[in-house]
Amino acid sequence: EENPYIPEDEGPQHRVVVDIPIAMGRNEVTYAEWMACVEDGGCNGYVPDNMIGRGGTKEEIKRSLTDERFTPLPSRDAMLGAMADDRFLRIHGTYPVLRVSYRDARAYVDWLNRKLGTDAYRLPSEAEWEYAARAGTTTRFAQGFEPTPDQANVSGQATAQDLMGDRPDLRTLPFPVPVEEMDAANAWGLRHMSGNAGEITLSCYTVRYQGWSSTSEWLEKSSDDECEHVGRGGIWIGSMDSARVASRRAVWEEMSRNQYDGFRVVKELD
């Protein structure tokens, strides 16, 4: 608590026992998975705008995608082709679905449960999300003190601004990447828990942790449809600091259909 660089809403640090066994989606829910719901009559028929914009000139974006210091992305040529006339990328297929709100995400898991004849699927609570993202680690990231540019899709430019210094070793990508791209898995095989798309959780945002000691207590006491929900995981235009496992933010329902946030699904196990 005496560290002035730790945001107030990340404490007080406390132990939480995972007493509900769950499986978590390896990836963020993709655009194709969302559209399967829509085409099956679910998700309230909502089709998110799939045009993702990015500031900067086409020349700057091209340099960021073709920098020889970094491992080329499989989707790089498709991104460059999509920007032939403008600075937008049309996401589809295995890109994470974006411009979805908490209620949209709930509609998706409701459809999933109806489709499979169960009530086991839901959004993760904030405590479950952090437990899964850490994958048994206690470091700033599951990959250690700092992920490599191939491990997390975060902004090198924003990180350099945060640190008030130059970070030429980091990469700045103009867009999110498909969920299977980059060496982004933690020790449990969960991908892009840091960076790429932000992830909306089931939990209501509070300025300080309430000290709930188990994930079942978190599920019972921190879940409410009528609240500001917690966003986790950072975003591709955010700094590395914002993608730390402990970093959290409030997601307002009225503003949550933005081009940065998606979600991930968990399944309760018997």
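The rules behind each value
Residues numbered from 1 in each chain as written. Predicted model: local features only at pLDDT ≥ 70, side-chain atom pairs only at ≥ 80, totals over all residues. Heavy atoms only, no water. Helix = DSSP H or I, 4+ residues; strand = E, 2+ residues; numbered from the N terminus. Rg over C-alpha atoms; globule rule 2.2 N^0.38 Å. Buried < 20%, exposed > 50% of the residue type's maximum accessible area, 1.4 Å probe, protein only. Expected span 1.5 Å × (residues − 1). Contact = heavy atoms within 4.5 Å. Polar contact = N/O pair within 3.5 Å; in protein donor to acceptor, adjacent residues only side chain to side chain. 1 Å grid on protein atoms, 1.4 Å probe; cavity = no way out; pocket = protein on both sides within 12 Å on 5 of 7 lines; lining within 4 Å. Points joined across faces, edges and corners; volume = space filled by probe spheres on them. Nonpolar A, V, L, I, M, F, W, Y, C, P; charged D, E, K, R; others polar. Patch = residues over 30% accessible without salt bridge, like charges linked within 9 Å, V, L, I, M, F, W, Y side chains within 5 Å. Areas by Shrake-Rupley, 256 points an atom, 1.4 Å probe, with all protein chains shown as cover. Salt bridge = Lys/Arg side-chain N within 4 Å of Asp/Glu carboxyl O. Phe/Tyr/Trp six-rings, centres within 6.5 Å; stacked < 30°, edge-to-face > 60°. Pairing = 2+ DSSP bridges. Axes fitted to C-alpha atoms, helices over the stretch in contact; angles between N-to-C directions. Parallel < 35°, antiparallel > 145°, perpendicular 65-115°, else oblique. Left-handed = near helix turned anticlockwise from the far one by under 90°.

Of regular secondary structure, the protein chain possesses seven helices and nine strands. For the protein chain, whose C-alpha radius of gyration is 18 Å, the value lies close to the compact-globule estimate of 18 Å for 270 residues. Over its C-alpha atoms, taken along the principal directions, the protein chain stretches across nearly 50 × 50 × 35 Å. Split into buried and exposed, the 270 residues of the protein chain put 52% on the buried side.

Below, the discussion takes up helix H4 (residues 102-116). For H4, spanning 15 residues, the distance from its first C-alpha to its last is 21 Å, which sits close to the expected 21 Å at 1.5 Å a residue. All buried positions along H4 are accounted for by Tyr102, Asp104, Ala105, Ala107, Tyr108, Val109, Trp111, Leu112 and Asn113. Against helix H1 (31-39), strand E4 (121-122), strand E5 (198-204) and strand E6 (229-232) lie the buried residues of H4. A distance of 3.4 Å separates the backbone nitrogen of Arg103 from a side-chain oxygen at the start of H4, and that oxygen is part of Ser101. With its phi angle positive at about 65°, Gly117 sits one or two positions after the end of H4.

Rolling a probe over the atoms, with the probe sized like a water molecule, indicates the empty space that remains. Computed from the structure, the largest pocket encloses a volume of approximately 1200 Å³. Around the largest pocket sit 33 residues that line it, and Glu10, Gln13, Glu130, Arg134 and Ala246 are the ones nearest its centre. No other element matches helix H5 (residues 126-134), which puts five residues into the lining of the largest pocket. Tallied by class, residues from the lining of the largest pocket come to 12 nonpolar, eight polar and 13 charged.

It is worth spelling out a nonpolar patch on the surface at this point. On the surface, Val18, Tyr131 and Trp188 cluster together into a nonpolar patch covering about 280 Å² of accessible area. Relative to the helices and strands, Val18 resides in the segment before strand E1 (22-24).

A separate point is the packing of aromatic side chains. In this description, an aromatic ring pair is defined by two values, namely the gap between the centres and the angle between the planes. Summed over the entire model, instances satisfying the criterion amount to nine aromatic pairs. Between Trp34 and Tyr108, the aromatic rings sit 6.0 Å apart at their centres with planes inclined by 15°, giving stacked as the arrangement. Taken as a pair, Trp34 in helix H1 and Tyr108 in helix H4 lie far apart in primary sequence, 74 residues in all. There is no split in this pair, since Trp34 and Tyr108 are both buried.

Overall, mixed pairing links the four strands, which are arranged E7-E6-E5-E8 in an open sheet. Since the sheet does not close on itself, it has two edges, and those belong to strand E7 (248-251) and strand E8 (261-262), each with one partner. Pairing geometry for E5 and E8, over two bridges, is parallel. Residue Glu199 lies in a different strand from E8, and its bridge partner there is Gly262.

Time to look at the packing of H1 against H4. Interaxial distance between H1 and H4 falls to 10 Å at its minimum, and their mutual angle equals 70°. One finds that H1 runs roughly perpendicular with respect to H4. Regarding H1 and H4, the two cross each other, and that crossing is left-handed. Of H4, the residues touching H1 (which contributes Glu33, Trp34, Ala36 and Cys37) are Asp104, Tyr108 and Trp111. Of the residues assigned to the contact of H1 with H4, the class counts are five nonpolar, no polar and two charged.

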